[in-house]
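# Remarks on the overall topology
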Amino acid sequence: MTSPNEIPLSRPDITALEEELVLRTLRSGRLSIGPVVEQFEAAVAARVGCHHGIAVNSGTSGLHMCMLGLGIGPGDEVITTPFSFIASANCILMTGATPVFVDICPRTLNMDPAKVEAAIGKRTKAILAVETFGNPAYFDQYTAIAARHELPMIEDCCEALGATLKGRPAGHFGRCGVFGFYPNKQITTGEGGLIVTDDARFADMCRSLRNQGRPLGWSAPKAAEPTHGGTATGSWLRHERLGYNYRMSEINAALGVAQMRRLDEMIAKRQRVSRWYMERLGGHKDLVLPTVEDDVNMSWFVYVVRLAPSYTSDERDRIIRGLRAHDIGASDYFPCIHLQTHFRELGFRPGMFPIAESVSNRTIALPFFNDMTQKDIDIVVGTLELMISRENLGRG
Ligand SMILES: *Cc1c(COP(=O)(O)O)cnc(C)c1O
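Below, the structure is looked at part by part. (Residues numbered from 1 in each chain as written. Predicted model: local features only at pLDDT ≥ 70, side-chain atom pairs only at ≥ 80, totals over all residues. Heavy atoms only, no water.)

### Regarding the state of the cysteines
To keep it simple, the criterion reads: Counting rule for disulfides: a pair of cysteine sulfur atoms within 2.5 Å. A 1.4 Å probe rolled over the protein chains alone gives each residue an accessible area, and that area as a share of the maximum for its type sets the label: buried under 20%, exposed over 50%, partly exposed in between.
Taken as a whole and assessed by the stated rule, the structure comprises 0 disulfides. Distance from the sulfur of Cys66, which forms no disulfide, to the nearest cysteine sulfur (Cys176) is 3.5 Å. Lacking any disulfide linkage, Cys336 is separated from the closest cysteine sulfur, that of Cys105, by 15 Å. Judged by relative accessible area, Cys336 falls into the buried class, the value being 5%.

Spelled out as structure tokens, the structure:
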């Protein structure tokens, strides 16, 4: 159980608007394959400036579908980052393709563009780039590299809804982009994800794959008639390819529609919290704070600080445990993907991506949510300073 004084790592921001729209959907009698999903898709696509939006039941299924929609499979290589949430590399394994990791830049924590280009080979079929912690740095460069080599780029923008680089929105840099709506993201649908793209054929393919491989161009019956009652609606039981059930329900979409209406308000709140952290922690000799390039407009996903190189990963873990013991949420975003068990079994080893590994050993994600107060920040910062002190770590 959580204590009343707990400051959690993240917390969704749900208001009367969300409650109202979800309740309206519950009472509508139509809980799947209906107008609210379409409304949510249109809202996200419009925000990102893409022609098509395809809502799915998680960011992971969205990424998996992008791989399938691009025809990626066994024997193919996909270039990606080792410093991310596991799903951005798992989606490559799901298709039988091989991930080719490239190391990151220590400032932006995104893939080093020069290393991306150097990793392209005969078997490379795509570049899967991640806006780590919501930062779109280098995405224009990745787009240019992909174009030069005639490769599709998949943008894992799960952490970056609302961010821009040189005025261009995250989600609009790749052949397709995937947003995620787990409760710790900028907006949530409970569980959910959404693919954006300008490519009409690819969008159609994703809609079919999401919906059990139903024929391209299949559309939902307009009235709230039973869709499981046989072939009365024509093509409900016709399947043209191996598909999945990756659909988002109307209930989740209703939550998303409400959250999208509040997106700017929520981004501003997160911006404010990040500024408070910056003000309180800036100049601290033992911490590296997140940096934002001049041409980037961040949409803050998390607030992750990094300990100075003199700290070991053991000490970092002790600091996180100490914060938690004081009812303060903290986490080690992210352990390197290539060092997770099933990737080690593929032959990946420590030392292969030294920058990602060194960053990953020293990161601490601090509590970060829309309605954090300055008092919360004071408590977090005070406790963090205590935990990282030499006395506390027994180095004094
Ligand atoms: C959140 C996230 C995803 C998708 O996660 P789901 O829980 O499947 O919605 C994918 N990639 C990254 C980088 C993420 O942060």
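Now that the structure has been shown, the text picks up again.
### Some remarks on the pattern of salt bridges
How we decide: We count a salt bridge whenever a side-chain nitrogen from Lys or Arg sits within 4 Å of a carboxyl oxygen from Asp or Glu. The numbering of helices and of strands both runs from the N terminus, where a helix is a DSSP run of H or I of at least 4 residues and a strand a run of E of at least 2.
Inspection of the entire model under this criterion finds 20 salt bridges. Two residues, Lys269 and Asp13, come together in a salt bridge whose shortest N-O distance is 3.4 Å. Note that Lys269 is positioned in helix 9 (residues 263-281) and Asp13 in the segment before helix 1 (16-28), a separation of 256 residues in sequence. Across the pair, Asp13 and Lys269 agree in class, each one buried.

### Some points on the environment of His64
Short version of the rule: Should any heavy atoms of two residues lie within 4.5 Å, those residues are counted as being in contact.
Structurally, His64 is set in helix 3 (residues 59-69). Put simply, His64 and Ala89 are 25 residues apart on the chain and 10.0 Å apart in space, counted from C-alpha to C-alpha. Excluding residues that lie within four positions of it along the chain, His64 makes contacts with Cys91, Met94, Thr95, Tyr244 and Tyr246.

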